[in-house]
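Commentary on secondary and tertiary structure
The lines below spell out each chain.
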Amino acid sequence: MGGIRPGHQHGLHRWFTTGNLTAAYLSLAAARPLPRTGNPTTYWTTLVTAGELLTTTPNPDTRLKYAVTHCRTQATTRP
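Owing to the predicted nature of the structure, the values given are computational and were not obtained by experimental measurement. (Residues numbered from 1 in each chain as written. Predicted model: local features only at pLDDT ≥ 70, side-chain atom pairs only at ≥ 80, totals over all residues. Heavy atoms only, no water.)

1. With respect to the overall build of the protein
Applicable threshold: Counting from the N terminus, the helices are DSSP H or I runs at least four residues long and the strands are E runs at least two residues long. Between buried and exposed lies partly exposed: a residue is buried under 20% and exposed over 50% of the maximum accessible area for its type, with that area taken using a 1.4 Å probe on protein chains only. Any two residues having at least one pair of non-hydrogen atoms within 4.5 Å are treated as being in contact. Working definition of accessibility: Shrake-Rupley area with a 1.4 Å probe, residue cover restricted to the visible protein chains.
Helices and strands together make up the secondary structure of the protein, namely four helices and zero strands. The order of helices and strands in the protein, counted from the N terminus, is α-α-α-α. Expressed as a percentage of the 79 residues in the protein, the buried residues total 29%. Across the protein, every contact between residues at least 6 apart in sequence was considered, and the portion connecting residues at least 24 apart equals 59%. Only carbon and sulfur atoms are counted for the fraction: they give 59% of the accessible area of the protein, which is about 5300 Å².

2. Some thoughts on the packing of helix α2 (residues 21-30) against helix α3 (residues 40-54)
Two packed helices can be described by the angle between their axes and the distance between those axes. This is how the line gets drawn: Where helices are involved, their axes are fitted lines through C-alpha atoms of the stretch in contact, as for all axes, and angles between N-to-C directions lie from 0 to 180°. Convention used here: angles under 35 degrees read as roughly parallel, angles over 145 as roughly antiparallel, angles from 65 to 115 as roughly perpendicular, and any remaining angle as oblique. By convention the crossing between two helices is left-handed if the near helix lies anticlockwise of the far one by an angle smaller than a right angle, and right-handed if it lies clockwise. Throughout, the ten residues Ala, Val, Leu, Ile, Met, Phe, Trp, Tyr, Cys and Pro are labelled nonpolar, Asp, Glu, Lys and Arg are labelled charged, and all others, Gly among them, are labelled polar.
At their nearest, the axes of α2 and α3 sit 11 Å apart, and the two run at 150 degrees to each other. Looking at the two axes, α2 sits roughly antiparallel to α3. Classified by chirality, the crossing of α3 by α2 is left-handed. On the side of α2, the interface is formed by L21, T22, Y25, L28 and A29, while α3 contributes Y43, W44, L47, V48, A50, G51 and L54. Its residues assigned to classes, the contact of α2 with α3 shows 10 nonpolar, two polar and no charged.

3. Observations regarding α3
Short version of the rule: Given the number of residues in a helix, its expected span is that number minus one, multiplied by 1.5 Å. It is the directions from the helix axis to the C-beta atoms whose arc is reported.
With 15 residues, α3 ought to run about 21 Å at 1.5 Å a step, and its terminal C-alpha atoms sit 21 Å apart, in line with that. All buried positions along α3 are accounted for by Y43, W44, L47, V48, G51 and L54. What you see down the axis of α3 is that its buried residues fit within an arc of 140 degrees, all on one side. Lining the buried residues of α3 we find α2 and α4 (63-77).

4. As for the environment of W44
Summarising the element assignment, W44 is placed in helix α3. Distance in space between the C-alpha atoms of W44 and R32 is 9.8 Å, their sequence separation being 12 residues.

5. Side note on the pattern of salt bridges
Defined as follows: Any Lys or Arg side-chain nitrogen located within 4 Å of an Asp or Glu carboxyl oxygen qualifies as a salt bridge.
All chains considered together, the criterion is met by two salt bridges. Its salt-bridge partner being E52, residue R72 comes within 2.5 Å of it at the nearest N-O pair. Of this pair, R72 sits in helix α4 while E52 is found in helix α3, placing the two residues 20 residues apart along the sequence. Residue E52 is classed as partly exposed on the basis of its relative accessible area of 37%.

Laid out in structure tokens, this is it:
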């Protein structure tokens, strides 16, 4: 992904620590990778894979479907 805002990093840490993977995923799906470092295509493709895994859990959050679709679109429209 590259760099992320410090506040976002704090939130991610909290969600991962408490096991709230859906909140962490939705947050990352809404974030914009900073193109100066990292690889945006790899970032979005990885989020597609993670989202697909999260949708296999019992009673997945309905927002996951839309987030995965968004990530898939971002992965295919990036240079």
